[in-house]
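# Fold and geometry: a report
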Amino acid sequence: MSATLSEATQASYASHPIRLTLNGQVRELQVLPWTTLLDLLREQLDLVGSKKGCDHGQCGACTVLRDGKRINACLTLAVMCDGAELTTVEGLANGDELHPMQRAFIKHDAFQCGYCTPGQICSAVGLANEGRAQTGGEISELMSGNLCRCGAYNNIRDAIEEALPLCQQPGDAQ
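Reference entry: report on the structure contained in this document. (Residues numbered from 1 in each chain as written. Predicted model: local features only at pLDDT ≥ 70, side-chain atom pairs only at ≥ 80, totals over all residues. Heavy atoms only, no water.)

### Thoughts on helix 3 (residues 100-107)
Within helix 3 the residues assigned to the buried category are Pro100, Met101, Gln102, Ala104 and Phe105. Where helix 3 is buried, its residues contact helix 4 (117-130) and helix 6 (153-167). Immediately downstream of helix 3, the backbone of aspartate 109 shows phi near 50°, a positive value. (Buried < 20%, exposed > 50% of the residue type's maximum accessible area, 1.4 Å probe, protein only. Helix = DSSP H or I, 4+ residues; strand = E, 2+ residues; numbered from the N terminus. Contact = heavy atoms within 4.5 Å.)

So this is what it looks like as structure tokens:
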């Protein structure tokens, strides 16, 4: 079933209240039990940075951060995010100041068509939070769940490699 049913149809199903912090703002929402996080973000909250690519968790275009960890929003039910802190690509910048990963993607021209870019950036920030990647090869391996149809992988890897030290918090694993 679609997450965008008519109001009359929705009234016949029980919605569930959830409370989450989205891009720094506490939100209280009513969601239908089958609504994916991706549909909630795009269709109900108008946050369209996360893209619907494959809708099967295979391309990474929908990647967002839940409690600092990268997840596929197309495979995550919105009700599973009750109490979570979510960050989308729209929430990475601090006002007009871009996140270091966003700046690196621009500097290294790490996008072509741009469709995968929001998911790539969120995944890269999650990768930085994990603190596991030390080499270009490790970055490539750990980013392998994010596909780029245009083949900008070398530029994406270079951007991530440059931004990793700027994104890691003091005390993160190295």
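Past the structure itself, the notes keep going.
### Examining the pairing of strand 2 (residues 25-31)
By the bridge criterion, seven bridges tie strand 1 (residues 16-22) to strand 2 in an arrangement that is antiparallel. What sits directly across from proline 17, in strand 2, is glutamine 30. In sequence, strand 1 turns back onto strand 2 through a hairpin of two residues, with asparagine 23 there showing a positive phi of about 50°. (Pairing = 2+ DSSP bridges.)

### A few points about the layout of surface pockets
Counted as a void, the largest pocket has a volume near 280 Å³. Taken together, 16 residues form the lining of the largest pocket, with Leu65, Thr87, Leu92, Val125 and Asn129 sitting closest to its centre. Elements represented by at least two residues in the lining of the largest pocket include exactly strand 5 (85-87), helix 4 and helix 6. Of the residues forming the lining of the largest pocket, the biggest block, three residues, is contributed by strand 5. Looking at the lining of the largest pocket residue by residue, the class counts come to six nonpolar, eight polar and two charged. (1 Å grid on protein atoms, 1.4 Å probe; cavity = no way out; pocket = protein on both sides within 12 Å on 5 of 7 lines; lining within 4 Å. Points joined across faces, edges and corners; volume = space filled by probe spheres on them. Nonpolar A, V, L, I, M, F, W, Y, C, P; charged D, E, K, R; others polar.)

### Regarding the packing of aromatic side chains
Per the stated rule, a full pass over the model turns up one aromatic pair. Their ring planes at 90° and their centres at 4.9 Å tell us that tyrosine 13 and tryptophan 34 sit as a pair that is edge-to-face. In this pair, tyrosine 13 sits in the loop between helix 1 (7-11) and strand 1 while tryptophan 34 sits in the loop between strand 2 and helix 2 (37-44), placing the two residues 21 residues apart along the sequence. For tyrosine 13, a relative accessible area of 31% translates into the label partly exposed. (Phe/Tyr/Trp six-rings, centres within 6.5 Å; stacked < 30°, edge-to-face > 60°.)

### Describing the nonpolar core
As a rule of thumb, soluble globular proteins bury nonpolar side chains together. Among the nonpolar cores identified, the biggest contains 25 residues, and Leu92, Met101, Phe105, Ile139, Ile156 and Ile160 are the most heavily contacted of them. Among the secondary structure elements, those contributing two or more residues to this core are helix 3, helix 4 and helix 6. Dropping the residues within four chain positions of it, isoleucine 156 is found in contact with Phe105, Ala110, Gln120 and Cys148. Residues Leu22, Leu37, Leu45 and Cys74 belong to the second largest nonpolar core, which totals 20 residues. (Core = buried A, V, L, I, M, F, W, Y, C linked by side-chain atoms within 4.5 Å.)

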